[in-house]
Amino acid sequence: MAVKLAIIGGGRMGGALLRGLISSGWASPSELVVVEINEAQRQRLEAGHRGLTTVSRLSTRACEDAVLAVKPQDAEEACLAAGVAGVQRLLSVAAGITTSDLEKWMGTRALVVRAMPNLPALVAHCAAGMAPGSRASERDLAWAAGVLGSVGTAVEVPEKLMDAVTGLSGSGPAYFFLVVEALIEAGVRAGLDRETSTTLVRHTFAGAARLLTETGESAEDLRIAVTSPGGTTAAGIAALEDRQVREAFVAAVEAATARSIELGTPGAKATLTHR
Ligand SMILES: NC(=O)c1ccc[n+]([C@@H]2O[C@H](COP(=O)([O-])OP(=O)(O)OC[C@H]3O[C@@H](n4cnc5c(N)ncnc54)[C@H](OP(=O)(O)O)[C@@H]3O)[C@@H](O)[C@H]2O)c1
């Protein structure tokens, strides 16, 4: 059977994509190859997916399409090897690596798409921004959206906004976890024991998230629907508005976006890599 896709880097993100592509039916294990330098990780992946081939290096003309899921500092070496092996179309999820870097390293007339997924890819619910390289067509973007669609959803943005995507949805799960932590603590301060507060908050958020995604209603409409004028929720929301919670989130996204831009400058990237 022909190999449909090579996944270069079989760690957390590559492994999540592998699971998503197989479980969504996008490909069978035998139609995928994982390029992974870590032998123990190769064995784990093969044990977890019967029929999957893993290799330490892609052989020449093994596959035309690939996903790049190595750490940013390993991206150049992995791209050079992919280019030599004849990969022609590449979807990269490496944070901060630009499409012009990818095109330069692939060393061919490679078609590249750059994406920024987030951690919920591990449970097939990621939100990803993606941007085409200079030669990628609508067809290539549709292909990339299909691959990313196996672990969540992907939206196209101009490449200059990838830092904003990083600051919003890339860092977004951490903002969400912080709010969950704060609410659990608030429940404890209101007199509930920690276990009870944790159970109530976790399920409140899981239920609210499902309402948001499954009803298709806006967050504003859902909020208004559960906030009776003069009621308990209205009192709680007023306390949040008084403390300028909305502005705090704007500041968080601005700060994360600015940091992403900063890390994209060559000097800063080197500092982070060697820390
Ligand atoms: N995890 C996330 O939530 C997330 C979110 C958004 C974007 N991303 C991006 O996804 C990429 C991968 O992140 P990750 O968390 O999955 O990293 P990871 O768990 O470290 O996985 C990367 C894997 O690639 C292997 N590798 C390194 N160089 C290689 C090469 N030349 N060829 C083949 N395999 C190679 C690594 O082996 P060794 O460990 O032996 O080096 C490792 O097993 C990063 O660029 C990151 O920016 C991740």
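Computed from a prediction, not measured in an experiment: that's the story for all the values here. (Residues numbered from 1 in each chain as written. Predicted model: local features only at pLDDT ≥ 70, side-chain atom pairs only at ≥ 80, totals over all residues.)

Colleague: Sorry if this is basic, but what is going on with the overall build of the protein chain here?
Modeller: A count of helices and strands for the protein chain gives 12 helices and eight strands. Overall, the protein chain is about 70 × 40 × 40 Å in size when its C-alpha atoms are taken along their principal axes. When the 275 residues of the protein chain are sorted by exposure, 32% land in the buried category. (Helix = DSSP H or I, 4+ residues; strand = E, 2+ residues; numbered from the N terminus. Buried ≥ 20, exposed ≤ 12 C-beta atoms within 10 Å, placed from the backbone.)

Colleague: Would you take a moment to explain the domain arrangement of the protein chain for this structure?
Modeller: In many analyses, interface size is given as the accessible surface area lost on bringing the parts together. You can read the domains of the protein chain as domain 1 (5-159) and domain 2 (172-243). Computed over C-alpha atoms, the centres of domain 1 and domain 2 are 36 Å apart. (Domains from an automatic or database assignment.)

Colleague: How should the nonpolar core be read in this particular structure?
Modeller: Taken as a class, soluble globular proteins show a tendency for nonpolar side chains to be buried jointly. Counting residues in each nonpolar core, the largest one holds 57 residues, and the members touching the most others are Ile8, Val67 and Leu68. Not counting chain neighbours up to four residues away, the residues in contact with valine 67 comprise Leu5, Ile7, Ile8, Leu17, Leu91, Val93 and Val147. (Core = buried A, V, L, I, M, F, W, Y, C linked by C-beta atoms within 7 Å. Contact = placed C-beta atoms within 7 Å.)

Colleague: Could you clarify how one ought to interpret helix α8 (residues 194-215) in this entry?
Modeller: A rise of 1.5 Å per residue sets the reference length of α8, with its 22 residues, at 32 Å; its end C-alpha atoms lie 31 Å apart and thus fit the reference within 8%. Taken from the residues just after α8, glycine 216 is the one with a positive phi, measuring 75°. (Expected span 1.5 Å × (residues − 1).)

Colleague: Mind showing me how you'd approach the site of the ligand here?
Modeller: Neighbouring the ligand are 25 residues, the closest being Gly9, Gly11, Met13, Ala94 and Ala95. Among the secondary structure elements, those contributing two or more residues to the shell around the ligand are α1 (12-23) and α3 (75-85). Ranked by residue count, the leading element in the shell around the ligand is α1, at three residues. When its residues are assigned to classes, the shell around the ligand shows 13 nonpolar, seven polar and five charged. (Near = placed C-beta within 6 Å. Nonpolar A, V, L, I, M, F, W, Y, C, P; charged D, E, K, R; others polar.)

Colleague: Can you help me understand the packing of helix α6 (residues 162-170) against helix α11 (residues 245-263) in this one?
Modeller: In helix packing, the relevant descriptors are the interaxial angle and the interaxial distance, both defined with respect to the helix axes. Across the interface, α6 lies against α11 with an axial gap of 8 Å and an inter-helix angle of 135°. Classed by the angle they form, the pair α6 and α11 counts as oblique. Remark: the crossing between α6 and α11 carries right-handed chirality. For the pair α6 and α11, the contacting residues are Asp163, Ala164, Thr166, Gly167 and Leu168 in the first and Val253, Ala256, Thr257, Ser260 and Ile261 in the second. Taken together, the residues of the contact of α6 with α11 break down into five nonpolar, four polar and one charged. (Axes fitted to C-alpha atoms, helices over the stretch in contact; angles between N-to-C directions. Parallel < 35°, antiparallel > 145°, perpendicular 65-115°, else oblique. Left-handed = near helix turned anticlockwise from the far one by under 90°.)

Colleague: It is not clear to me how the sheet that holds strand β6 (residues 111-116) should be interpreted in this structure. Could you clarify?
Modeller: Through backbone hydrogen bonds, the strands of a sheet pair up, either in parallel or in antiparallel fashion. Sheet architecture is open: eight strands sit in the order β3-β2-β1-β4-β5-β6-β7-β8, paired in mixed fashion. Every interior strand has two partners, whereas the edge strands, β3 (53-55) and β8 (152-156), have only one. Direction aside, the axes of adjacent strands within the sheet are offset by 25° on average. Looking at chain direction, strand β7 (residues 126-132) and β8 are connected through five bridges and run parallel. Across the sheet, the residue bridging to cysteine 126 is glycine 152, located in β8. Here α1 sits on the sheet in contact with β1 (5-8), β2 (32-35) and β4 (65-68), set at roughly 175° to β2. (Pairing = 2+ DSSP bridges.)

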